[in-house]
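Residues per chain, in single letters:
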Amino acid sequence: MSSAMSEDPSGAPARVIAIANQKGGVGKSTTAVNLGAALAELGERVLVVDLDPQGNASTGLGVDRAARTVSAYDVLTGAADATEATVPTGVDGLLLIPATVDLAGAEVEMVSQFSRESRLARALVGVLGEFSFVLVDCPPSLGLLSINAMAAAGELLVPIQCEYYALEGLGQLLENVRLIQQNVNPRLRLTGIVLTMFDPRTRLADQVVAEVRAHFGAVVYESVIPRSVRVAEAPGFGQPITRYDPFSRGAEAYRALAVEVLKRGADEGFEGWEVGMQKGGDR
Ligand SMILES: Nc1ncnc2c1ncn2[C@@H]1O[C@H](COP(=O)(O)OP(=O)(O)OP(=O)(O)O)[C@@H](O)[C@H]1O
Ligand SMILES: [Mg+2]
């Protein structure tokens, strides 16, 4: 694990994990909500930062729009600090910085501002000691919001949907990671890929799993998230799957993923995927 993170006297600093993939609908928000809940269930102190104007992670955690008075937008613009924007969720130990639609404007407003890529990183410094994990849910684009998430993170977790074109766009994502490493955040590593919406009835799903494992090896988590109606229903009730249907396959899969995420962080030798590699030694 990276030892370069700033230490806070109140405890070991949080592992900041950006959950990103510019492809839409691959399970980023579902993973932020359910991995966050599963980690909290294991006794971790978790903060989910909803950095998507769609606000799906906020909805999924039961924080409705009326309750989003101070939001990630205020944190990025400096109008509020991270603590002021943090709200509780229905899960003990799981807190949220919610998103509002004005985040879409933040992307444009920040363009001309000083150190616009590092707004989130700076805002989080003061609270890293209060959490063991900060999970940042990114929007489906590689704009300034996702860049802020990756600039603040030590780890990148990429959900990949077990579907046709699963790997499409991944090269572009990794190229962005390389640029962020070079220019803003040398600590950033691709430390995890999670396969989502796996349907065992299709041979295609097996092929995608095999292909992703062949390409990325140990960085791909063993736990595969099944496609499940219960997982899809849960956000409508403002609950993570671990609450909505605690003994479902989806809940078990996200719990298994949480255990793997914990283990990976404890493994000193795990450096993640060397992002420069696929560029033929160009790094
Ligand atoms: N394991 C699953 N089984 C069934 N449905 C799922 C599963 N995971 C996610 N979904 C559903 O698929 C849709 C997309 O998931 P999600 O919102 O998590 O993706 P996303 O990558 O965050 O999307 P966006 O790019 O729009 O932010 C949602 O309707 C969600 O409920
Ligand atoms: Mg989302």
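This one's a predicted model, so the numbers in the text were calculated from it and none came from an experiment.

Peer 1: Explanation requested: the overall build of the protein chain in the structure shown.
Peer 2: The helix and strand inventory of the protein chain stands at 12 helices and 7 strands. Radius of gyration (C-alpha) of the protein chain: 17 Å, near the 19 Å computed for a compact globule of 283 residues. Structurally, the protein chain occupies a C-alpha span of about 50 × 45 × 35 Å along its principal axes. Considering the protein chain as a whole, with its 283 residues, one finds that 56% of them fall into the buried category. Of all intrachain contacts in the protein chain linking residues separated by at least 6 positions in sequence, the fraction that spans at least 24 positions is 78%.

Peer 1: Even after reading the chapter, I still don't get the nonpolar core, so can you show me in this structure?
Peer 2: A general trend in soluble globular proteins is that nonpolar side chains are found buried together. By size, the foremost hydrophobic cluster in this structure holds 61 residues, and its most contacted members are Val-134 and Phe-216. With 6 residues, the top contributor of residues to this core is helix 7 (residues 144-152). Core analysis: the second largest hydrophobic core is formed by 34 residues, Val-46, Leu-61, Leu-135 and Val-194 among them.

Peer 1: I would appreciate a short explanation of the site of ligand 1 in the present structure.
Peer 2: Around ligand 1, 18 residues are found, and the nearest of them are Lys-28, Ser-29, Thr-30, Pro-226 and Ser-228. A distance of 2.8 Å separates an oxygen atom of ligand 1 from a polar atom in the side chain of Lys-28. Ser-228 places a polar main-chain atom, nitrogen or oxygen, 2.8 Å from a nitrogen atom of ligand 1. Coverage of ligand 1 by the protein amounts to 81% of the 620 Å² it exposes when considered alone. A molecule is said to occupy a pocket when more than half its atoms come within 2 Å of that pocket's grid points, and by this definition ligand 1 occupies the largest pocket. Among the elements that make up the shell around ligand 1, the one with the highest residue count is helix 1 (residues 28-41) (3 residues). Here the shell around ligand 1 is built from residues that sort into 7 nonpolar, 7 polar and 4 charged.

Peer 1: Can you help me understand the packing of aromatic side chains in this one?
Peer 2: What describes a pair of aromatic rings is the distance from one ring centre to the other and the angle between the planes of the rings. Summed over all chains, the structure comprises 3 aromatic pairs. Seen from their ring centres, Phe-237 and Tyr-244 are 4.9 Å apart, and the 25° between their planes marks the pair as stacked. The class of Phe-237 is exposed, set by a relative accessible area of 55%. Using a relative accessible area of 19% as the deciding quantity, one classes Tyr-244 as buried. For Arg-264, the ring lying beneath its charged end belongs to Tyr-221, and the centroid distance is 4.0 Å.

Peer 1: Any chance you could explain the layout of surface pockets here in plain terms?
Peer 2: If a probe as big as a water molecule is rolled over the atoms, it shows which places are left empty. Of the volumes computed, that of the largest pocket is approximately 460 Å³. For the largest pocket, the lining is made up of 29 residues, of which Gly-27, Ser-29, Thr-30, Met-197 and Val-231 are closest to its centre. Put simply, the parts of the chain that give the lining of the largest pocket at least two residues each are helix 1, helix 2 (56-60) and helix 10 (229-233). Among the elements that take part in the lining of the largest pocket, helix 1 stands out by supplying 5 residues, more than any other. For the lining of the largest pocket, the residue count by class is 14 nonpolar, 12 polar and 3 charged.

Peer 1: In this structure, what is going on with the sheet that holds strand 2 (residues 46-50)? I would like to understand it.
Peer 2: Strands in a sheet are paired, the pairing made by backbone hydrogen bonds, and the direction either parallel or antiparallel. Ordered by their spatial adjacency, 7 strands build an open sheet running 3-4-2-5-1-6-7, and the pairing between neighbours is mixed. A single partner strand is all that each edge strand has here, and the edge strands are strand 3 (87-88) and strand 7 (189-196). The sheet contacts of helix 8 (residues 170-183) involve strand 6 (155-161) and strand 7, and relative to strand 6 the element is tilted by about 175°.

Peer 1: Quick question: what am I supposed to make of the side chain of Arg-264 here?
Peer 2: Residue position: Arg-264 is located in helix 12 (residues 249-266). The side chain of Arg-264 is buried and forms no salt bridge, while Glu-260, the nearest opposite charge, is found at 4.6 Å. Within the local environment of Arg-264, its side chain forms a polar contact with the backbone oxygen of Thr-191, the two atoms lying 2.9 Å apart. Ignoring sequence-local partners within four residues, the contact set of Arg-264 consists of Thr-191, Gly-192, Ala-218, Val-219, Val-220, Tyr-221 and Phe-270.

Peer 1: Help me understand empty space enclosed by the protein in this model?
Peer 2: A full pass over the atoms with the stated rule returns 1 cavity of 30 Å³ or more. In this model, the largest cavity occupies a volume close to 30 Å³. Along the walls of the largest cavity sit Ile-17, Leu-35, Glu-155, Leu-157, Thr-191, Gly-192, Tyr-221 and Val-261, which together make up its complete lining. At the level of elements, strand 6 and strand 7 are the ones that each hand at least two residues to the lining of the largest cavity. Among the residues making up the lining of the largest cavity, the classes are represented as 5 nonpolar, 2 polar and 1 charged.

What counts as what
- Residues numbered from 1 in each chain as written.
- Chains lettered and ligands numbered in written order.
- Predicted model: local features only at pLDDT ≥ 70, side-chain atom pairs only at ≥ 80, totals over all residues.
- Heavy atoms only, no water.
- Helix = DSSP H or I, 4+ residues; strand = E, 2+ residues; numbered from the N terminus.
- Rg over C-alpha atoms; globule rule 2.2 N^0.38 Å.
- Buried < 20%, exposed > 50% of the residue type's maximum accessible area, 1.4 Å probe, protein only.
- Contact = heavy atoms within 4.5 Å.
- Core = buried A, V, L, I, M, F, W, Y, C linked by side-chain atoms within 4.5 Å.
- Near = heavy atom within 4 Å.
- Polar contact = N/O pair within 3.5 Å; in protein donor to acceptor, adjacent residues only side chain to side chain.
- Areas by Shrake-Rupley, 256 points an atom, 1.4 Å probe, with all protein chains shown as cover.
- 1 Å grid on protein atoms, 1.4 Å probe; cavity = no way out; pocket = protein on both sides within 12 Å on 5 of 7 lines; lining within 4 Å.
- Sits in = over half its atoms within 2 Å of the grid points.
- Nonpolar A, V, L, I, M, F, W, Y, C, P; charged D, E, K, R; others polar.
- Phe/Tyr/Trp six-rings, centres within 6.5 Å; stacked < 30°, edge-to-face > 60°.
- Lys NZ or Arg CZ within 6 Å of the ring centre and 35° of its normal.
- Points joined across faces, edges and corners; volume = space filled by probe spheres on them.
- Pairing = 2+ DSSP bridges.
- Axes fitted to C-alpha atoms, helices over the stretch in contact; angles between N-to-C directions.
- Lys, Arg positive; Asp, Glu negative; His and termini not counted.
- Salt bridge = Lys/Arg side-chain N within 4 Å of Asp/Glu carboxyl O.

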